[in-house]
Amino acid sequence: MTEHDAQPAADRDQAAAGEPQQAEENGAQVSTDATPAGAPEAAIPELVIISGMSGAGRSTAAKCLEDLGWFVVDNLPPALIPTMVELGARSQGNVARIAVVVDVRGRRFFDNLRESLADLDSRGVTRRIVFLESSDDALVRRFESVRRPHPLQGDGRIVDGIAAERELLRELRGDADLVIDTSSLNVHELRAKMDAQFAGEEEPELRATVMSFGFKYGLPVDADLVADMRFLPNPHWVPELRPYTGLNEEVAAYVFNQPGAKEFLDRYAELLRLVAAGYRREGKRYVTIAIGCTGGKHRSVAMSEKLAARLAAEGVETVLVHRDMGRE
């Protein structure tokens, strides 16, 4: 995945009569038509702010939302986000969902983002932040493959630009409602993740991603909660189980017959109910639960399967991902 030059994410057809004028600022077009006097004011639109590392797939994520019917504006100066929402509210329901891409291409406006978010909160606007993350190695490969400089590297190297951007976006990443690590994702897999989060007709209270992984391949950078299954004996050292994964019934039975396995599942599920209730109170809609073992093949896979099934049975919309299974 690569980022494109700043441009609107979609060209919108205008009505044949009464076509609104456009105001252009920093490459982003914003409609300035006024609502006719006496016209009913529609509900405030939903708002998603897409941000993250250059090269991590912001354009793909924005395109996916556009395909789902969102009104998408790319590279909108943060100071104009409240104006965009206000205009959407005047559209008499024609613009019910707005997605805005904010990134370092508009870095001289980026300092205004915090003020704009506070303004939106004071108005009671429901807004979510989606942050696209990726490893340094993956980002370097993507920039080198398209032979483009990083927007912040200046006279330095690509890695210098990446480091500067991480520092600039650190606080925003911490405030994100959804962090997606695209290091090992292709375009289609990223679209599938976006579809899983935004394609539903009704917004669920909480969506959970349960991800198995191997510690030897690194911690998932988008994990909200991490649990370590290395306290359980490793099926890798059982010759007849070694070739299989945690999806195999014999492997799963071996794992859950170990002391502490079933107790962990019960108590961790209980803990997640407590955490989920707090997330809901705080308005957090997405949580990524990472379950790890040494290689991400046996113990973490078996436990993730059981945990995801438990959450789904309790009414939590759950996506199950085995990040490192088959990597060996």
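Residues numbered from 1 in each chain as written. Predicted model: local features only at pLDDT ≥ 70, side-chain atom pairs only at ≥ 80, totals over all residues. Heavy atoms only, no water.

S.K.: Even after reading the chapter, I still don't get the side chain of His-298, so can you show me in this structure?
M.R.: In this structure, His-298 sits in the loop between β10 (286–293) and α10 (299–313). Looking at His-298, the relative accessible area reads 3%, which means it is buried. Setting aside residues up to four positions removed in sequence, His-298 forms contacts with Asn-234, Pro-235, His-236, Leu-241, Arg-242, Tyr-244, Thr-245, Gly-246, Val-251 and Cys-293. (Helix = DSSP H or I, 4+ residues; strand = E, 2+ residues; numbered from the N terminus. Buried < 20%, exposed > 50% of the residue type's maximum accessible area, 1.4 Å probe, protein only. Contact = heavy atoms within 4.5 Å.)

S.K.: Sorry, what's going on with the pattern of salt bridges here?
M.R.: Two side chains bearing opposite charge may form a pair once their charged atoms approach each other closely. Under the criterion given, the structure shown has 22 salt bridges. Across the pair Arg-114 and Glu-171 runs a salt bridge, and its minimum N-O distance is 3.3 Å. Highlighted residues: Arg-114 in helix α4 (residues 113–122) and Glu-171 in helix α6 (residues 158–175), separated in sequence by 57 residues. A relative accessible area of 38% means that Arg-114 is categorised as partly exposed. What makes Glu-171 exposed here is its relative accessible area of 53%. A salt bridge links Glu-317 to Arg-207, with the nearest nitrogen and oxygen atoms 3.3 Å apart. (Salt bridge = Lys/Arg side-chain N within 4 Å of Asp/Glu carboxyl O.)

S.K.: Would you take a moment to explain the packing of aromatic side chains for this structure?
M.R.: What characterises a pair of aromatic rings is the spacing of the ring centres plus the angle enclosed by the ring planes. Per the stated rule, a full pass over the model turns up five aromatic pairs. Taken together, a centroid distance of 5.8 Å and an interplanar angle of 50 degrees make the contact between Phe-231 and Phe-264 tilted. In this pair, Phe-231 sits in the loop between β9 (225–228) and α8 (249–256) while Phe-264 sits in helix α9 (residues 261–281), placing the two residues 33 residues apart along the sequence. You can call Phe-231 partly exposed: its relative accessible area is 43%. One aromatic cluster is present, formed by Trp-70, Phe-198 and Tyr-286 through successive ring pairs. The ring of Phe-215 is capped by Arg-230, whose NZ or CZ atom sits 3.7 Å from the centre of that ring. (Phe/Tyr/Trp six-rings, centres within 6.5 Å; stacked < 30°, edge-to-face > 60°. Lys NZ or Arg CZ within 6 Å of the ring centre and 35° of its normal.)

S.K.: Explain the packing of helix α1 (residues 58–67) against helix α7 (residues 187–198) to me, please; I cannot follow it from the model alone.
M.R.: When two helices pack together, their arrangement is captured by the angle between the axes and the distance separating the axes. Here α1 crosses α7 at 50 degrees, and the two axes come no closer than 9 Å. Compared by their axis directions, α1 and α7 come out oblique. The chirality of how α1 crosses α7 is right-handed. Between α1 and α7, the residues in contact are Thr-60, Ala-61, Lys-63, Cys-64, Leu-65 and Asp-67 and Val-187, Leu-190, Arg-191, Met-194, Asp-195 and Phe-198, respectively. For the contact of α1 with α7, the residue count by class is seven nonpolar, one polar and four charged. (Axes fitted to C-alpha atoms, helices over the stretch in contact; angles between N-to-C directions. Parallel < 35°, antiparallel > 145°, perpendicular 65-115°, else oblique. Left-handed = near helix turned anticlockwise from the far one by under 90°. Nonpolar A, V, L, I, M, F, W, Y, C, P; charged D, E, K, R; others polar.)

S.K.: Hey, could you run me through the sheet that holds strand β6 (residues 127–133) in this one?
M.R.: Sheets are built from strands that pair by backbone hydrogen bonding, the pairs being arranged parallel or antiparallel. Pairing within the open sheet is parallel, and its five strands lie in the order β4-β5-β3-β6-β7. Every other strand in the sheet has two partners, leaving β4 (71–74) and β7 (178–181) as the edge strands with one partner each. Across this sheet, the average inter-strand angle for adjacent strands is 20 degrees, counted without regard to direction. As paired strands, β4 and strand β5 (residues 97–101) are joined by four bridges and run parallel to one another. From the neighbouring strand, Val-73 faces β5, where its bridge partner is Val-100. In the packing of α1 onto the sheet, the strands contacted are β3 (46–52), β4, β5 and β6, and the crossing angle to β3 comes to about 160 degrees. Packing of α7 onto the sheet brings it into contact with β3, β5, β6 and β7, and relative to β7 it is tilted by some 160 degrees. (Pairing = 2+ DSSP bridges.)

S.K.: For this particular structure, what's the right way to read the pairing of β10?
M.R.: Successive residues of a regular strand alternate their side chains across the two faces of the sheet. Of all the eight residues making up β10, eight are buried; the element is thus mostly covered by neighbouring parts of the structure. The side-chain alternation of β10 yields two buried faces, one formed by Tyr-286, Thr-288, Ala-290 and Gly-292 and the other by Val-287, Ile-289, Ile-291 and Cys-293. With eight bridges connecting them, strand β8 (residues 207–214) and β10 associate as parallel partners. Of the residues in β10, the one forming a bridge with Ala-208 is Val-287. Summarising the sheet, β9 and β10 pair through four bridges and their orientation is parallel. Within β10, the residue paired with Ala-227 across the bridge is Ile-291.

S.K.: Could you clarify how one ought to interpret the sheet that holds strand β11 (residues 317–322) in this entry?
M.R.: Spatially, four strands are ordered β9-β10-β8-β11 in an open sheet, and the strand pairing comes out parallel. With partners counted over all chains shown, the strands left at the sheet margins are β9 and β11, one partner each. Strand-to-strand twist in this sheet, taken as the mean axis angle between neighbours without regard to direction, amounts to 20 degrees. Packing against the sheet, α9 makes contact with β9 and β10, and its axis sits at approximately 170 degrees to β9. Along the sheet, α10 makes contact with β8, β10 and β11, crossing β8 at roughly 170 degrees.

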